[in-house]
Amino acid sequence: MYSPSLFTHHLTQFHRFTSTIMVETLTLTPPPPIWRSNPRRWITPLISSYKTLFALLWILVFTSLFIWQRNFVDGLLIFRRPVAGRLVPVFRPVAFNITDFGGVGDGVTVNTVAFEKAIFAISKLGKSGGGQLNVPAGKWLTAPFNLTSHLTLFLDEDAVILGVDDEKYWPLMPPLPSYGYGREHPGPRFGSLIHGQNLRDVVITGNNGTIDGQGQRWWKRYRQKLLNNTRGPLIQIMYSSDIVISNITLRNPPFWTLHPYDCKNVTIRNMTILAPLFEAPNTDGIDPDSCEDMIIEDSYISVGDDAIAIKSGWDQYGTAYGRPSKNILIRNLMVRSMVSAGISIGSEMSGGVSNVTVENVLVWNSRRAVRIKTAAGRGAYIRDIKYRNLTFENVRVGIIIKTDYNEHPDTGFDPKAFPVIRDISYINIHGEGVRVPVRIHGSADIPVRNVTFRDMSVGITYKKKHIFQCAYVSGRVIGSIFPKPCENLDLYDEQGTLVKKSVSENASDIDYDI
């Protein structure tokens, strides 16, 4: 089979050599009389160039390959005639359409039964590789429904799954075991619009179709204190493995948007996640919770709370559940949050968080950029966290570690359960329009240990002295960084030689009025 990457290579070569033809033709154009009287005299110099001959040969090769490729896969999109719709790729041995089960995409008909029937049919196909459920263009209103293993849910271009916004259609579920009770209210919690438990091999993808939770009514009723149970996420997958979510748009969740809980081997990529920047409470983008072996990449997130928040349980309940979040890679993102932070760890982290890498991220027009938040009572640890190649644009506070985030599920937490925070690195951090580049607020009970800064230059908007703020922190600065670091940190030159040893690790220079 002809490789698309090879075809792209041929296309590149074609452009190079056609450029050569253009240059050489300009340099070899003869005077008009010769052009008109004797064509052989202007053709001969052109043909005599070996580069031109080679270019002409490439044109012939390219043309033949293009004709063959067009016959094989209907050609390149830019050369194709407009067609009625894009072909839906098939990833499973069997594919269904939601209309096969009575679905109607008019935005009014409730399609819950159609989704349930389709997924039940696919649940019978697990031993033969599972099945694919295609959702074509249209507005497919539905109440919450459950997924099954070995399923691909494919949303075509202009397909929108709409969540019913009346809570009476949303089932109640037991509290998450690592939280003790519903996050907002004691007792049961609302389920998610799209839900799955104990699954394996699940794909949610498409041609940038949309899942819209229609959260506006939920947000209003939450602010009016008219809800008696914790709101549900847009998508929640629990106790599952081998999950891929890609190439779709998620928007307007009632609560958190995408919540993988106690899952392994999760890939989230090429996503657009949207919620209003204000008055959309707790609309986090992606919340990995007690998850391991996870990648989040190549996505755009602009929401009303944390764009990403890594969690692992709340106080004594998270400690008892004992499932850490670990081995998580976050890269190649653009994120925005005017209420909270771009990338957060915590505050619910009582199962522990370790081995997290955040790289190649732009945080723009946000309240905070990257934040670690915890408190006494959480216990556990946050360690081996690497931030690199980050850019902050118009951010109030760039780097934050906060150890007094005192929000608890009940009075049963242990106030002496102090989390351990250590081995955090910030490398190649740049930006402009930042009010406070760094605020690391450790305490005598929860010191922040072994922090490293290297290659940092952040343009500031606040010209006061205390903009690199530290309290109870130890670590090092390697090479020169801007702005000037706090006195709590050791100074090393670019070669790693100690220049100045800090004697002020426990000093405090925190100013929340800035």
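Residues numbered from 1 in each chain as written. Predicted model: local features only at pLDDT ≥ 70, side-chain atom pairs only at ≥ 80, totals over all residues. Heavy atoms only, no water.

### A look at the overall build of the chain
Here is step 1 of the chain: Along the backbone of the chain there are seven helices and 30 strands.
Here is step 2 of the chain: Once local pairs closer than 6 in sequence are excluded, the contacts in the chain between residues at least 24 apart make up 75%.
Here is step 3 of the chain: Carbon and sulfur atoms make up 55% of the accessible area of the chain, which amounts to about 23200 Å² in all. (Helix = DSSP H or I, 4+ residues; strand = E, 2+ residues; numbered from the N terminus. Contact = heavy atoms within 4.5 Å. Areas by Shrake-Rupley, 256 points an atom, 1.4 Å probe, with all protein chains shown as cover.)

### Some thoughts on the sheet that holds strand β5 (residues 145-146)
Here is step 1 of the chain: Spatial ordering of the open sheet is given by β5-β10-β13-β16, a layout of four strands whose pairing is parallel. Sheet topology places β5 and β16 (258-261) at the edges, where each strand pairs with a single neighbour.
Here is step 2 of the chain: The pairing of β5 with strand β10 (residues 194-197) spans two bridges and is classified as parallel. Paired with N146 across the strands is H195, a residue of β10. (Pairing = 2+ DSSP bridges.)

### Topic: the pattern of salt bridges
Here is step 1 of the chain: Scanning the model with the defined rule gives 19 salt bridges in all.
Here is step 2 of the chain: Across the salt bridge formed by K402 and D404, the nearest N and O atoms sit 2.9 Å from each other.
Here is step 3 of the chain: With a relative accessible area of 32%, D404 lands in the partly exposed category.
Here is step 4 of the chain: Note that R422 and D423 form a salt bridge whose closest N and O atoms lie 3.3 Å from each other.
Here is step 5 of the chain: Judged by relative accessible area, R422 falls into the partly exposed class, the value being 35%. (Salt bridge = Lys/Arg side-chain N within 4 Å of Asp/Glu carboxyl O. Buried < 20%, exposed > 50% of the residue type's maximum accessible area, 1.4 Å probe, protein only.)

### Description of the state of the cysteines
Here is step 1 of the chain: Tallying each qualifying case throughout the model produces one disulfide.
Here is step 2 of the chain: Sulfur-sulfur distance for the disulfide between C470 and C486 comes to 2.0 Å. Handedness of the C470-C486 disulfide follows from its S-S torsion of about -75°: it is left-handed. Here C470 is found in strand β27 (residues 468-471), whereas its partner C486 is found in the loop between β28 (473-478) and β29 (490-492), with 16 residues between them in sequence. (Disulfide = S-S within 2.5 Å.)

### Topic: the environment of V244
Here is step 1 of the chain: Along the polypeptide, V244 turns up in strand β14 (residues 241-246).
Here is step 2 of the chain: Residue classification places V244 among the partly exposed residues on the basis of a relative accessible area of 27%.
Here is step 3 of the chain: Each C-alpha atom of the pair V244 and T205 lies 7.8 Å from the other, and the pair is 39 residues apart in sequence.

### So, the pairing of strand β26 (residues 448-460)
Here is step 1 of the chain: Bridge count for strand β25 (residues 420-441) against β26 is ten bridges, and the pairing is parallel. Paired with I421 across the strands is V448, a residue of β26.
Here is step 2 of the chain: The pairing of β26 with β28 spans five bridges and is parallel. Opposite T452, over in β28, you have R476 as the bridge partner.

### Some details on the confidence of the model for the chain
Here is step 1 of the chain: Across the chain, pLDDT averages 87, with 82% of residues at or above 70.
Here is step 2 of the chain: Contacts of residues 1-55 to residues separated by more than four positions or lying in other chains number 38 contacts, the stretch itself having pLDDT below 50.
Here is step 3 of the chain: Note that residues 61-84 has pLDDT below 50 and, in this model, 20 contacts with residues that lie over four places away or in other chains. (pLDDT = per-residue confidence, 0-100.)

### Quick look at the nonpolar core
Here is step 1 of the chain: Among the nonpolar cores identified, the biggest contains 95 residues, and L147, I211, Y387, F392, Y426 and F453 are the most heavily contacted of them.
Here is step 2 of the chain: Residues within four places of Y387 in sequence aside, it is in contact with I345, V358, V370, I372, I424, S425, Y426, I427 and I429. (Core = buried A, V, L, I, M, F, W, Y, C linked by side-chain atoms within 4.5 Å.)

### What to know about helix α6 (residues 216-223)
Here is step 1 of the chain: Buried within α6 we find W218, W219 and R221.
Here is step 2 of the chain: The inward-facing, buried residues of α6 contact β9 (189-190).
Here is step 3 of the chain: Phi turns positive, to about 60°, at K225, one or two residues after α6.

### Let's talk about unusual backbone geometry
Here is step 1 of the chain: Omega for the bond connecting G346 with S347 falls within 30 degrees of zero, at 5°, which places this linkage in the cis form.
Here is step 2 of the chain: Structurally, the position occupied by S347 is in the loop between β22 (341-345) and β23 (353-373).
Here is step 3 of the chain: For the bond from F482 to P483, the omega torsion is 5°, close enough to zero to count as cis.
Here is step 4 of the chain: Summarising the element assignment, P483 is placed in the loop between β28 and β29.
Here is step 5 of the chain: Of note in the backbone geometry, N252 takes a positive phi value of approximately 55° without being a glycine.
Here is step 6 of the chain: With a relative accessible area of 10%, N252 lands in the buried category.

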